[in-house]
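# Commentary on secondary and tertiary structure
What follows is the residue order along each chain.
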Amino acid sequence: MDAVLADVMRDTGASIGLLYLLVPQERSLRLALISGVSPEIAAPWVRVPADAPVPVADAVRDRRFVWLGSRQEIAHRYPRLGIVLPYEFMLAAAPVTDGDTGPVHGGIVLLWPVWHPPRLDDRERAMLDDCCRRAARLLAPVAGQPPPSLPAEPRAVHAARPSETDPALGAAAVEFAERLPVGCCALDLDGRVTFLNSAGARLVDAGAAFLLGRRPWEVLLWLDDPAFEDCYREAVITRRPTSVTVVRRPSTRLRFDLHPDPTGVSVQITEVAGPPPAGPYATTAAATAPGADAPGAAAVSVTAAAAVVGAAGAAGDPARAVPEPVAEPVGAGAVYRLMHLAASLAEAAGVREVVELVADQIVPAFGPQGLVMMSADQGRLRIVGHRGYRQDFVERFDNTPLTADVADAQVLATGVPLFFTDVDDLLRAHPHAPRYEGRNAWAFLPLIASGRPVGSLILSYEQPRPFPPAERALLTSLAGLIAQAVARARLYDAKQSLAHSLQTGLLPHSLDPPPGVNVAARYLPAGHGMDVGGDFYDLVRATPTTAIAVIGDVQGHNTAAAALMGQVRTAVHAHATAGASPGDILARTNRLLTDLDPDRFTSCLIAELDLAQGRLRLATAGHPPPLLRGPDGGARVLDVEPGLVLGIAPDVTYRTTEMPWEPGSVLALYTDGLVEAPGTDLGTAMTDLAGRLARSRFGDDPDRLADELIRHVEDATHRTDDVALLLVHRAS
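As the structure is a prediction and not an experimental result, all values here were calculated from the model.

## With respect to the overall build of the protein chain
Within the protein chain, the regular secondary structure consists of 22 helices and 30 strands. Across the 732 residues that make up the protein chain, the buried fraction comes to 52%. For the protein chain, the proportion of contacts with a sequence separation of at least 24, taken over those separated by at least 6, is 64%. Only carbon and sulfur atoms are counted for the fraction: they give 53% of the accessible area of the protein chain, which is about 31900 Å².

## As for the pairing of strand β8 (residues 183–188)
Within β8, 5 of the 6 residues are buried, leaving the element largely enclosed by the surrounding structure. When β8 meets strand β12 (residues 264–271), the two strands line up antiparallel, connected through 6 bridges. The partner of D188 across the bridge, within β12, is G264. Across 3 bridges, the pairing between β8 and strand β9 (residues 193–196) is antiparallel. Each bridged residue has a counterpart across the sheet, and for C185 the counterpart in β9 is L196. Joining the antiparallel neighbours β8 and β9 is a turn of 4 residues, in which G191 adopts a positive phi near 85 degrees.

## Quick look at the pairing of strand β18 (residues 441–449)
Side-chain positions along a regular strand alternate between the two faces of the sheet. Counting buried positions along β18 yields 8 of 9 residues, so the element is predominantly enclosed. Where strand β17 (residues 418–420) and β18 come together, 3 bridges link them in antiparallel fashion. Within the sheet, the bridge partner assigned to F419 lies in β18 and is A443.

## Comments concerning empty space enclosed by the protein
It is a probe the size of a water molecule, rolled over the atoms, that shows where empty space is left. For the coordinates displayed, the defined rule picks out 6 cavities of 30 Å³ or more. Approximately 230 Å³ is the volume attributed to the largest cavity. Taken together, 16 residues form the lining of the largest cavity, with L18, W45, L81, L91 and V109 sitting closest to its centre. Every element with two or more residues in the lining of the largest cavity is listed here: β1 (16–23), α2 (39–42), α3 (55–62) and β6 (104–112). A total of 3 residues in the lining of the largest cavity trace back to one element, the largest contributor, which is β1. Taken together, the residues of the lining of the largest cavity break down into 16 nonpolar, no polar and no charged.

## Some thoughts on the sheet that holds β18
Pairing between sheet strands relies on hydrogen bonds along the backbone, with the strands arranged either parallel or antiparallel. An order of β16-β15-β14-β19-β18-β17 is seen for the 6 strands of this open sheet, with the pairing classed as antiparallel. Edge positions in the open sheet fall to β16 (400–401) and β17, since each of these has one partner strand only. Across the sheet, helix α16 (residues 407–414) touches β14 (370–377), β15 (380–387), β16, β17, β18 and β19 (452–461), and the angle it forms with β18 is around 40 degrees.

## What about the sheet that holds strand β30 (residues 723–730)?
Spatial strand order, β20-β30-β29-β25-β26: 5 strands in an open sheet with antiparallel pairing. Among the strands making up the open sheet, the edge pair consists of β20 (517–524) and β26 (635–637). Across the sheet, the axes of successive neighbouring strands diverge by a mean angle of 15 degrees, strand direction being ignored. As paired elements, β20 and β30 share 8 bridges and run antiparallel to each other. Paired with V517 across the two strands is R730, which belongs to β30. Across the sheet, helix α21 (residues 682–695) touches β25 (627–629), β26 and β29 (666–670), and the angle it forms with β25 is around 25 degrees. Each of β20, β29 and β30 is contacted by helix α22 (residues 702–710), which is oriented at about 30 degrees to β20, the strand it contacts most.

## Let's talk about helix α20 (residues 582–596)
A rise of 1.5 Å per residue sets the reference length of α20, with its 15 residues, at 21 Å; its end C-alpha atoms lie 21 Å apart and thus fit the reference within 8%. Buried residues of α20: P582, G583, I585, L586, A587, T589, N590, L593 and T594, and no others.

## Describing unusual backbone geometry
Even without being a glycine, Q378 presents a positive backbone phi close to 55 degrees. Relative to the helices and strands, Q378 resides in the loop between β14 and β15. Residue Q378 is classed as exposed on the basis of its relative accessible area, which comes to 73%. In this model, F467 sits at a positive phi of 50 degrees, which is unusual for a non-glycine residue.

## Some words on the nonpolar core
Of all hydrophobic cores here, the largest spans 64 residues; its most connected members are Y20, V48, L196, V204, L211, I237 and F256. The greatest single-element share of this core, amounting to 7 residues, is contributed by helix α11 (residues 226–238). The residues contacting Y20, other than those within four sequence positions of it, are L29, R30, L31, A32, W45, V46, V48, V56, H105, G106, G107 and V109. Core analysis: the second largest hydrophobic core is formed by 48 residues, V568, L586, L618 and V652 among them.

## Remarks on the packing of helix α1 (residues 2–12) against helix α6 (residues 122–139)
α6 packs onto α1 with a crossing angle of 180 degrees between their chain directions and a minimal axis gap of 9 Å. Taken together, the axes of α1 and α6 are roughly antiparallel relative to one another. Counting all contacts with α1, which are made through A3, V4, D7, V8, D11 and T12, the residues of α6 involved are R123, E124, M127, L128, C131, R134, A135 and L138. A class-by-class count of the residues in the contact of α1 with α6 yields 8 nonpolar, 1 polar and 5 charged.

## What about the side chain of T589?
Turning to its location among the elements, T589 is positioned in helix α20. Its relative accessible area of 1% is what places T589 among the buried residues. Only 2.8 Å separates the side chain of T589 from the backbone oxygen of I585, close enough to count as a polar contact. In contact with T589, other than residues within four places in its own chain, are V568, A571, V572, H575 and L646.

## Focus on the state of the cysteines
In total, this model carries 0 disulfides according to the counting rule given. No disulfide involves C131; its nearest neighbouring cysteine sulfur is the one of C132, lying 5.1 Å away. C185 provides the cysteine sulfur closest to C184, a residue in no disulfide bond, and the two sulfurs are 9.0 Å apart. Overall, C184 belongs to the buried group, its relative accessible area being 1%.

## Observations concerning the confidence of the model for the protein chain
The pLDDT averaged across the protein chain works out to 82; a share of 86% of its residues lies at or above 70. Throughout residues 278–329 the model reports pLDDT below 50, and contacts reaching past four residues in sequence, or to other chains, amount to 110 contacts.

## Quick look at the packing of aromatic side chains
In the structure shown here, the tally under the stated rule is 11 aromatic pairs. Measuring from ring centre to ring centre gives 5.3 Å for F419 and F467, while their planes differ by 50 degrees; the resulting arrangement is tilted. In this pair, F419 is assigned in strand β17 and F467 in the loop between β19 and α18 (469–506), connecting sequence segments 48 residues apart. Here F419 and F467 have matching classes, each one buried. Three or more aromatic residues joined by ring pairs make a cluster, and in this case those are W217, F228, Y232 and F256. Lying over the aromatic face of F65, R125 brings its terminal NZ or CZ to 4.0 Å of the ring centre. Here R730 stacks its cationic end above the ring of W661, 5.8 Å away from the centre of that ring.

What counts, and where the lines are drawn
Residues numbered from 1 in each chain as written. Predicted model: local features only at pLDDT ≥ 70, side-chain atom pairs only at ≥ 80, totals over all residues. Heavy atoms only, no water. Helix = DSSP H or I, 4+ residues; strand = E, 2+ residues; numbered from the N terminus. Buried < 20%, exposed > 50% of the residue type's maximum accessible area, 1.4 Å probe, protein only. Contact = heavy atoms within 4.5 Å. Areas by Shrake-Rupley, 256 points an atom, 1.4 Å probe, with all protein chains shown as cover. Pairing = 2+ DSSP bridges. 1 Å grid on protein atoms, 1.4 Å probe; cavity = no way out; pocket = protein on both sides within 12 Å on 5 of 7 lines; lining within 4 Å. Points joined across faces, edges and corners; volume = space filled by probe spheres on them. Nonpolar A, V, L, I, M, F, W, Y, C, P; charged D, E, K, R; others polar. Axes fitted to C-alpha atoms, helices over the stretch in contact; angles between N-to-C directions. Expected span 1.5 Å × (residues − 1). Core = buried A, V, L, I, M, F, W, Y, C linked by side-chain atoms within 4.5 Å. Parallel < 35°, antiparallel > 145°, perpendicular 65-115°, else oblique. Polar contact = N/O pair within 3.5 Å; in protein donor to acceptor, adjacent residues only side chain to side chain. Disulfide = S-S within 2.5 Å. pLDDT = per-residue confidence, 0-100. Phe/Tyr/Trp six-rings, centres within 6.5 Å; stacked < 30°, edge-to-face > 60°. Lys NZ or Arg CZ within 6 Å of the ring centre and 35° of its normal.

Structure (structure tokens):
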């Protein structure tokens with residue numbers, strides 16, 4: 001699989017590549033392979049829910065190619081992505097599948113610098129399609145073999161390097177860099193120092209041995225502003241030179257010119273003359289075109305030298321070092337990840353969605369190896385989600401009383417977070433605290449919204465951790481965002497539960513067809529929003545051999561619509577049992593609604609099923625026409641004269657249409673949510689539904705037939721309207 005990703009990046013000129021695998025049981029995509037970028041930068045997208053508003057999820061879900069040709073287009077179509085990566089690049093996402101009808105195994109994402117043409121050419125598209133087919137064939141299940149396993153962490157696919165460098169040339173490159181009066185530094189794609197010459201060590205006032213393998217902005221206190229890290233991130237993502245000018249306290253101004261390539265970033269460090277800027281940082285972002293020299297000095301590439309020297313090849317005095325910093329800064333990456341989480345939480349609806357977002361994003365993005373999220377409910381803490389722990393370990397602490405002398409309850413009582421830097425620190429405060437194997441530092445964070453406790457969040461780390469002030473402030477802010485999201489989600493869930501209880505209470509609990517008739521009904525609420533819908537259906541026994549099938553849709557999605565729906569159902573039921581014809585039922589119900597003046601209209605369709613005469617009698621008030629599948633399996637849209645929707649004008653007549661109803665036939669009544677979709681012609685959609693009805697193998701089984709007909713709208717993510725379906729089958 002590594003070769004597939006490497007080949008498509010080489011053949012299309014992409015600078016960054018990500019390969020995702022679909023995890024059906026989790027309804028998510030997991031990042032499996034990564035190339036050309038640090039896992040740290042990709043952390044917010046290690047696990048992507050299948051319905052998330054990100055390019056790869058859209059590509060996989062809709063089986064389509066996604067192209068984003070500019071920063072403006074990214075910000076417009078995918079604002080979350082634009083927040084975390086506010087740089088210039090182009091992006092393509094495609095599903096990993098072996099054809100238009102084959103299963104989708106995952107997705108691939110490729111990024112290009114902005115000097116790439118605004119569209120992929122035919123050759124590049126062909127290369128990308130071939131990559132998807134190759135990957136699909138490798139991922140396709142083989143009889144008798146287990147499916148490919150998912151890696152615990154994304155695996156890096158490194159760019160091809162030149163053949164082994166002559167040691168003499170490597171040594172000459174190091175000597176060349178040492179003779180330069182400017183600082184030369186090399187960073188890998190993860191931002192860690194792999195080479196630093198003596199001039200660079202002097203300018204940054206830190207020894208090469210100390211900096212080797214570390215990120216400069218994490219260990220040099222005067223470089224703790226996000227500006228430098230952001231400059232590095234921009235260089236890696238855009239593959240363009242960037243620069244930043246920083247003041248090394250008290251007054252030395254240093255300019256860092258970053259020159260990226262597929263293997264890392266070469267950094268030129270020069271001292272800048274002149275008065276210090278107004279603030280400690282002055283950033284000159286994306287200053288030069290590819291290959292252009294930075295002003296004032298020649299650009300020097302030392303990536304090859306770094307590859308030869310490696311961990312043992314640091315130039316300068318190895319004894320020269322600075323003490324370990326007393327505080328760890330919060331870099332640009334953490335700030336962007338916090339923004340991404342905030343944007344994601346703002347779109348989350350229920351508590352379960354909030355929990356999944358928190359668990360999926362905090363562990364890869366903020367560094368803990370374990371997470372437990374607890375919700376305060378009726379005086380107890382209930383575990384609502386976790387990562388990095390065995391289920392049996394977590395279950396021991398479910399339903400902890402809020403009065404218990406444990407850290408997770410204590411932080412909720414006091415509102416003050418607790419940080420334990422190592423095991424001894426934890427046991428001093430809580431001698432009997434349980435410890436999960438391999439965990440050596442903990443953060444216990446209260447989740448408090450508007451002064452009210454909603455839960456607690458526990459983060460655990462494998463290594464002892466000092467939790468400097470900046471990190472404590474970041475985690476506390478994180479807890480505040482999560483608490484607000486949980487509070488909103490609880491309110492959403494409560495209203496959603498109330499609305500759906502009202503909806504189901506107004507719909508019939510069971511349908512009582514006459515002998516020789518089988519029925520099936522389905523109702524799906526709208527995928528978004530907290531209000532109840534107005535779709536309804538019913539089946540009324542009029543005589544021993546006749547029944548009245550009803551389906552309708554009240555305008556709106558709120559309790560007023562539900563109340564009107566209940567009134568319409570009651571009126572139709574009363575007139576149906578009185579022996580009125582379908583047209584008369586609609587006319588009488590319409591007069592009632594206009595007298596009530598509900599300020600909203602209702603569509604409705606009435607079908608009288610007469611077993612003795614073998615006929616259907618139909619009338620409609622602005623409702624989508626029914627479908628009829630004959631005993632031969634053919635299906636068509638019935639031609640029923642449309643009437644005015646109910647509730648508009650009082651004196652309206654509705655014509656009743658009569659037609660044969662043969663044994664073995666299926667009558668399908670539905671609301672517009674089953675057929676309406678943005679950009680789709682309603683007539684075409686109804687014809688397509690009739691086609692699915694005709695092709696089904698379940699013409700004699702209404703329940704299985706109903707499941708098949710609504711399958712394409714079961715995903716609530718894109719369902720914007722209620723769906724009601726009533727099938728009536730006359731036995732042969």
